[in-house]
Amino acid sequence: MFTQAGFAAAFEYWPMFLEGVLCTVLLSAFAVFFGFILALILALCRMCKFAPLRWLATAYVEIFRATPMLVQVLLIYNVFTLAFELPTFLVFGLFRFNRFLPGIVALSLNSGAYLSEVIRSGISSIPIGQTEAARSLGLPAWKTMRLVVLPQAIKNILPAMANEFVTIIKESSITYLIGVQEIMSVVKAVQGATYRQMEALVYAAVLYFCLTFPTSKIIAHFERKMSRGYKR
Amino acid sequence: MATRDKLARARTEEYLAEHPADTEALISVRGLKKYYNKGVIKALDGVDVDIHRGEVVVIIGPSGGGKSTLLRSLNLLEEPTEGAVFFEGVDISRKKDDEGKKIDINVVRQKMGMVFQQFNLFPHKTVIENMILAPVELGKLKEAEAREKALKLLERVGLGDRADAYPIQLSGGQQQRVAIVRALCMDPDVMLFDEPTSALDPEMVGEVLDVMKQLAEEGMTMAVVTHEMHFAREVGSRILFLADGKLVEQGTPDEIFSHPKSERLQDFLSKVLI
Ligand SMILES: Nc1ncnc2c1ncn2[C@@H]1O[C@H](COP(=O)(O)OP(=O)(O)O)[C@@H](O)[C@H]1O
Ligand SMILES: [Mg+2]
């Protein structure tokens, strides 16, 4: 099944693996960043007084949570390439933009749905007294949200956000199907060249582990530190 | 929903025609009702109250009687089901005034400081940041002015050296004193207190009551919900007794505590004045 020659042959492709790691990290970072912004908007919509906005945001979240990521990625990629003439330049001289961008969009849209739940629970974990105190001072609703509630909520949800980053690193592997040059696509490239994929898959697993395991440990460390509260 | 609002407004107008608001009073409440669960719970069931400038109105009564609801209706933290709240002669429970100008509740609230049972300081901000947040954000004061003012207020309540502490580093009594000066930083025309000492350890109650007493002596208009009957008697200029959502009795401290008329009040006093 595994052969030493196979490992050696796959190892020849280490520069490509490195590029794959870079691509995976960039993809995931962008996805979580834009996903967060989208999630914030969705969470605020879901809590607003205007009912249609609330329904729209809820429908969005439910649809993205109830359909497979694979379907979402393929759909979004195809819609994107049919709707827009995407430029074909290389991001950092490495990654095809016309694949990279739809990949980011698909992951962000998915991540936004999941993170909006996280943000919503983060906001509702802030005691109502905080809002009342701010409003009683004359601060309008949006300033109360921005200056009093969100800073506290975001501090509470930072660990969950970082966990989402770990999740997205793993789930981003799916985007090799639309030609994003991340780690899994390197495995496919190695398979094409050497007619073997087992050893390359092992390398990929090791690389994913090296990305996610330390990240989760760092998160856990900060989680412990932050739970000590607002002390200097 | 909208038609129900309109009906409630119509009934309010009718009530106001027979019981006009006292436009001389700082706060004038007429026919105030607040229902929960579609009227199953009547937190307030028709209350008329006037609060004049310089008065210290103390609200007492059994738990669940509607004291908090009344206080929170004054700055519209609770939206009345029916009835009107006038502040400085303007009906703030309406969306627009007589000339069709929109009533900005945020501007009204700037003039009504509020202190809560649970302090509600912002835990992610230092004491002084808590105090200057609203005045600076609302363009009332420049940051330097606000800091100067906040420091003076902190000195006055004996916390001049805690300006840069975080709320969690303070005792309950200290936190509540900060909450009071945070409200004062906005230069309010009236201060509303909802059981400001109920969450405090007994040894810290005095320091907070002292600050409130000092404030009363300086002529601040105050509405205070409290179970501190000594404070009510000593500092209150008028006592309201609220039970079952109704204003059962009101009068001077002497009238209320020494000559209670209603059975409900006599019963209440017999339980709290031991
Ligand atoms: N948000 C709410 N939902 C339902 N019932 C409420 C709510 N707020 C207050 N009430 C009810 O209204 C009544 C008056 O409450 P409150 O004004 O807090 O009384 P007090 O401050 O005098 O103890 C109580 O029966 C209480 O249970
Ligand atoms: Mg109460």
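Residues numbered from 1 in each chain as written. Chains lettered and ligands numbered in written order. Predicted model: local features only at pLDDT ≥ 70, side-chain atom pairs only at ≥ 80, totals over all residues. Heavy atoms only, no water.

(A) Geometry of the overall build of chain A. For chain A, the helix and strand inventory stands at 9 helices and 2 strands. Moving toward the C terminus, one meets the helices and strands of chain A in the order α-α-α-α-β-β-α-α-α-α-α. Overall, the C-alpha framework of chain A stretches about 70 × 45 × 30 Å when taken along its three principal axes. Counting all 232 residues of chain A, 43% fall into the buried class. In chain A, of all internal contacts separated by at least 6 residues, the share reaching a separation of at least 24 is 77%. Put simply, chain A shows about 12100 Å² of open surface, and 70% of that area lies on carbon and sulfur atoms. Where the 20 positive side-chain charges of chain A centre and where its 11 negative ones centre are 13 Å apart. (Helix = DSSP H or I, 4+ residues; strand = E, 2+ residues; numbered from the N terminus. Buried < 20%, exposed > 50% of the residue type's maximum accessible area, 1.4 Å probe, protein only. Contact = heavy atoms within 4.5 Å. Areas by Shrake-Rupley, 256 points an atom, 1.4 Å probe, with all protein chains shown as cover. Lys, Arg positive; Asp, Glu negative; His and termini not counted. Charge placed at Lys NZ, Arg CZ, Asp CG, Glu CD.)

(B) Here's a closer look at the interface of chain A and chain B. The partner chain B presents 26 residues to the 20 residues of chain A that form the contact. Carbon and sulfur atoms make up 61% of the area that chain A and chain B hide from each other, which totals about 2100 Å². Across the chain A-chain B interface, the total number found is 3 salt bridges. K143(A) is the salt-bridge partner of E137(B), the closest N and O atoms lying 3.0 Å from each other. (Buried area = accessible area lost by both parts, 1.4 Å probe. Salt bridge = Lys/Arg side-chain N within 4 Å of Asp/Glu carboxyl O.)

(C) The site of ligand 1, seen in detail. All names here are of chain B. Around ligand 1 sit Y36, I41, A43, P62, S63, G64, G65, G66, K67, S68 and T69, and those are all the residues in its vicinity. A distance of 3.5 Å separates a nitrogen atom of ligand 1 from a polar atom in the side chain of Y36. For ligand 1, an oxygen atom lies 2.5 Å from a polar atom in the side chain of T69. Isolated, ligand 1 exposes 560 Å² of accessible area, and the fraction of that covered by the protein chains is 62%. (Near = heavy atom within 4 Å. Polar contact = N/O pair within 3.5 Å; in protein donor to acceptor, adjacent residues only side chain to side chain.)

(D) A look at the sheet that holds strand β6 (residues 112-115) of chain B. All names here are of chain B. Spatial strand order, β6-β7-β8-β3-β9-β10: 6 strands in an open sheet with mixed pairing. The outermost strands of the open sheet, each flanked by one partner alone, are β6 and β10 (246-251). Strand-to-strand twist across the sheet, computed as the mean angle between neighbouring axes with direction ignored, equals 15°. In this sheet, β10 lies alongside strand β9 (residues 238-243) in antiparallel orientation, the contact comprising 5 bridges. Looking at β10, one finds that A243 is bridged to K246. Seen against the sheet, helix α6 (residues 172-184) touches β6 and β7 (190-194) and runs at an angle of roughly 170° to β6. Along the sheet, helix α7 (residues 202-217) contacts β3 (56-60), β7 and β8 (221-225); its crossing angle with β8, the most-contacted strand, is approximately 145°. (Pairing = 2+ DSSP bridges. Axes fitted to C-alpha atoms, helices over the stretch in contact; angles between N-to-C directions.)

(E) A look at unusual backbone geometry. Residue and element names in this part refer to chain B. Even without a glycine there, the phi angle at N37 is positive, about 50°. With respect to the secondary-structure elements, N37 resides in the loop between β1 (27-36) and β2 (41-51). Despite not being glycine, F119 shows a phi value in the positive range, around 65°.

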